[in-house]
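Reading the structure
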Amino acid sequence: MIDDLFLELAQKSLFCMITDIMLPLNTGIVGTGYAAKKRAEAIAQDSRIDLLAAAGHTPETLDKFCLTHQIGAVNSIRQLINLPQLDLI
């Protein structure tokens, strides 16, 4: 009985969290390699997510990645984390 109560509370809590999220989610991405490219492509296909910025350690690669995906570039992960418009990294 207690387990059922906890499960019910967890489900309600999760539902409230999910329904309170404003869509689309504004996201940033770390990296510019193969995995980042695949993530950016997947994000582009999902109307619930907007990719806004990326951080990388090689300026030339970062610039190319950002031009390809039409997003902003930041110089460090710290700058990415501090972007107030991002909901998710």
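Before reading further, recall that the structure is shown in the block above.
In this report, the structure presented in the accompanying data block is examined.

**Re the sheet that holds strand E3 (residues 72-74)**
Pairing is parallel across the open sheet formed by three strands, whose spatial order is E1-E2-E3. Lying at the two open borders of the sheet, with one neighbouring strand each, are strand E1 (25-30) and E3. Taking each pair of neighbouring strands and ignoring which way they run, the sheet shows an average axis angle of 35 degrees. Pairing geometry for E1 and strand E2 (residues 49-55), over six bridges, is parallel. From the neighbouring strand, leucine 25 faces E2, where its bridge partner is isoleucine 49. On top of the sheet, helix H2 (residues 34-44) reaches E1 and E2; it is set at about 165 degrees to E1, its chief contact.

**Comments concerning the environment of isoleucine 49**
Here isoleucine 49 is to be found in strand E2. On the accessibility criterion, isoleucine 49 (21% relative accessible area) is partly exposed. Taking the C-alpha atoms as reference points, isoleucine 49 and leucine 23, separated by 26 residues in sequence, lie 7.2 Å from one another. Contact partners of isoleucine 49, with chain neighbours within four places excluded, come to Pro24, Leu25, Thr27 and Ile43.

**So, the pairing of E2**
Within a regular strand, the side chains alternate between the two sheet faces. Each parallel crossover has a hand, and the one from E1 via H2 to E2 is right-handed. With three bridges connecting them, E2 and E3 associate as parallel partners. Residue pairing in the sheet places alanine 55 in a bridge with valine 74 of E3. Tracing the backbone out of E2, into helix H3 (residues 59-69) and back to the parallel element E3 gives a crossover that is right-handed.

Definitions and limits used
- Residues numbered from 1 in each chain as written.
- Predicted model: local features only at pLDDT ≥ 70, side-chain atom pairs only at ≥ 80, totals over all residues.
- Heavy atoms only, no water.
- Pairing = 2+ DSSP bridges.
- Helix = DSSP H or I, 4+ residues; strand = E, 2+ residues; numbered from the N terminus.
- Axes fitted to C-alpha atoms, helices over the stretch in contact; angles between N-to-C directions.
- Contact = heavy atoms within 4.5 Å.
- Buried < 20%, exposed > 50% of the residue type's maximum accessible area, 1.4 Å probe, protein only.
- Right-handed = clockwise from strand over helix to strand, strands pointing away.

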